[in-house]
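Working through the structure, step by step
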Amino acid sequence: MSASTILVGVLGAASAFMFFYLLRFKASAKQTNRDDRIDWYGAGSKVHDPEGSADQSNDVDEPVPEIHEPQDRTPDRSVNLQAIPSSAPVQTSSPRLNKWLVAAGVVLVVVVLLSFYESTNA
Amino acid sequence: MSRHAALDTFGRSGNPLIRSNAFDSTAAPGDEKMTLQGAVNKTSMLLAMTVLTAGLSWNIQTPAMGLISMIGIGAAFIAAIATFGFYFFFVGWILKPRPHLAPKTAPIYALGMGFAVGLISQTFEAQFPGIVLQAVSLTFFVATSMLLAYKTGIIKPDRNFLLMLFAATMGIVLTYLANLVYTLVTGNVFFVLTDNGWMGIGFSLLVVAIAALNLVLDFDIIEQGAERGAPKYIEWFGAMALVMTLIWLYIEILRLLAKLRSR
């Protein structure tokens, strides 16, 4: 084992130790007491916007019977599409559509992985 | 309404796998709240899991292990999508984010991605002996430097920082997606991704820089979550995001070193 390998290894180990050691400390006041800080959780977030949450509760929580009527599906989808640009957790499509898309995604992933597996073992 | 339409559309993180929906709730008065120490512990556990399966896929070279690795990688992708959701342009959220799943999906992700990391590392190590040790060391060195810069306030993430980073990250994601399509159609890869000239090295340096800057956002999310009493599961969520960015950074550093060594 060369000296440079040992040096690189020691540098890596020291960096890893420092990383986990520093991670548990709070950031300095210079970092936390700023006006222009990104508001991940607070009231400034659109997620917590009263109007947005009102819209969200209408879309998600209320089981409006008209939504499931076949003749109303197209208008309903357009309403949902308008809500997509919001960062609120809006259901963008019906649960049935989501399940099918998820299932299709899973099948696609499996097929791609198996094809890669086959090609690497050919 | 935000001043930036992109922030409203895509959420508030530059990390492709973090969406603002994740932070839609705060801990109820009786619930356990997240702590910095908890996030550190979870990050350590997830990295240990990644190293464990990386070691397995590196050392055991059998067809059965190959199949297990592929299943693991697939499970990791599914776990990531289940937790962070899946957004498609012009369609919206096909699958909305479910951060409360993170305590279950984060270990699946870490174990599954470990197989991928092991296979990739083994391939590079066979070509360039010693490169993995260098890449691991550099990854932690870069991560520690970014953490130090964040904790001391040298780098201060604000909305403009977030917006620029988001745009750059999406640019890289789209480049890789376009390359995937191009490879499937023509059997070749984009010149800039494999070129060991200045253009290819410059591109790799740019990607490494963007991956490193994404770490700052992960630190900020964890820090702010602990400050504001986010629910306990955000520890897993933050740790998963951090591990995800670290794995990305490691792979990009590996590619950069390979380009430099092949000159």
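Located above this text is the structure these notes cover.
Residues numbered from 1 in each chain as written. Chains lettered and ligands numbered in written order. Predicted model: local features only at pLDDT ≥ 70, side-chain atom pairs only at ≥ 80, totals over all residues. Heavy atoms only, no water.

What about the packing of aromatic side chains?
Throughout the structure, instances matching the rule amount to nine aromatic pairs over all chains. When the centroid spacing of 5.3 Å and the interplanar angle of 80° are considered together, the rings of phenylalanine 19 of chain A and phenylalanine 20 of chain A count as edge-to-face. Using a relative accessible area of 0% as the deciding quantity, one classes phenylalanine 19 of chain A as buried. Residue class for phenylalanine 20 of chain A comes out buried when judged on its relative accessible area of 17%. Taking the centre distance of 6.2 Å and the plane angle of 50° together, the rings of phenylalanine 19 of chain A and phenylalanine 219 of chain B count as tilted. Separated into two different chains, phenylalanine 19 of chain A in helix 1 (residues 3–23) and phenylalanine 219 of chain B in helix 8 (residues 198–228) make up a pair that spans both. Per residue, the accessibility class of phenylalanine 19 of chain A equals that of phenylalanine 219 of chain B, and both read buried. Above the face of the tryptophan 198 of chain B ring, arginine 263 of chain B is positioned so that its terminal group lies 4.6 Å from the ring centre. (Phe/Tyr/Trp six-rings, centres within 6.5 Å; stacked < 30°, edge-to-face > 60°. Buried < 20%, exposed > 50% of the residue type's maximum accessible area, 1.4 Å probe, protein only. Helix = DSSP H or I, 4+ residues; strand = E, 2+ residues; numbered from the N terminus. Lys NZ or Arg CZ within 6 Å of the ring centre and 35° of its normal.)

Focus on the packing of helix 6 (residues 159–186) of chain B against helix 8 of chain B
All names here are of chain B. Interaxial distance between helix 6 and helix 8 falls to 10 Å at its minimum, and their mutual angle equals 130°. By the criterion of interaxial angle, the relationship of helix 6 to helix 8 is oblique. As for the relative orientation of helix 6 and helix 8, their crossing is left-handed in sense. Taken together, the residues of helix 8 that come into contact with helix 6 (itself represented by Phe161, Leu162, Leu165, Ala168, Thr169, Ile172, Thr175 and Tyr176) are Phe203, Val207, Ile210, Leu213, Asn214, Val216 and Leu217. Residue classes in the contact of helix 6 with helix 8 are distributed as twelve nonpolar, three polar and no charged. (Axes fitted to C-alpha atoms, helices over the stretch in contact; angles between N-to-C directions. Parallel < 35°, antiparallel > 145°, perpendicular 65-115°, else oblique. Left-handed = near helix turned anticlockwise from the far one by under 90°. Contact = heavy atoms within 4.5 Å. Nonpolar A, V, L, I, M, F, W, Y, C, P; charged D, E, K, R; others polar.)

Section: helix 2 (residues 36–59) of chain B
Residue pairs spaced three or four apart in an α-helix point in one direction, given the helix's 3.6 residues per turn. Its 24 residues give helix 2 of chain B an end-to-end C-alpha distance of 35 Å, which sits within 8% of 34 Å, the value for a rise of 1.5 Å per residue. Its buried side turned inward, helix 2 of chain B meets helix 1 of chain A together with helix 3 (63–84), helix 4 (102–127), helix 5 (131–151), helix 8 and helix 9 (233–261) of chain B. (Expected span 1.5 Å × (residues − 1).)

Things to note about the packing of helix 5 of chain B against helix 9 of chain B
All names here are of chain B. Axis separation between helix 5 and helix 9 bottoms out at 9 Å; the angle between their running directions is 130°. Classified by the angle their axes make, helix 5 and helix 9 are oblique. Regarding helix 5 and helix 9, the two cross each other, and that crossing is right-handed. Counting all contacts with helix 5, which are made through Ile131, Val132, Gln134, Ala135, Val136, Leu138, Thr139, Val142 and Ala143, the residues of helix 9 involved are Leu246, Leu249, Tyr250, Ile253, Leu254, Leu257, Ala258 and Arg261.

Topic: the nonpolar core
A general tendency of soluble globular proteins is for nonpolar side chains to be buried together. Membership of the largest hydrophobic core comes to 83 residues, with the highest contact counts inside it found for Phe19 of chain A together with Leu46, Tyr109, Ile131, Phe219, Leu242 and Leu249 of chain B. When residues in this core are grouped by element, the largest group, 20 residues, is from helix 9 of chain B. Ignoring any residue separated from it by four or fewer positions in sequence, one finds leucine 249 of chain B in contact with Thr139, Val142, Val208, Ala211, Ala212 and Leu215 of chain B. (Core = buried A, V, L, I, M, F, W, Y, C linked by side-chain atoms within 4.5 Å.)

What about the environment of methionine 49 of chain B?
All names here are of chain B. Looking at the secondary structure, you find methionine 49 in helix 2. Between the C-alpha atom of methionine 49 and that of tyrosine 109, which follows or precedes it by 60 residues, the distance is 9.4 Å. Once residues within four sequence positions are removed from consideration, methionine 49 is found in contact with Pro107, Ala110 and Leu111.

Re the pattern of salt bridges
Taken as a whole and judged by the stated rule, the model has eight salt bridges over all chains. Between arginine 37 of chain A and glutamate 227 of chain B there is a salt bridge, and its shortest N-O distance comes to 3.0 Å. With arginine 37 of chain A in the loop between helix 2 (29–32) and helix 3 (50–61) and glutamate 227 of chain B in helix 8, this pair bridges two chains. Classification of glutamate 227 of chain B as partly exposed rests on a relative accessible area of 36%. (Salt bridge = Lys/Arg side-chain N within 4 Å of Asp/Glu carboxyl O.)

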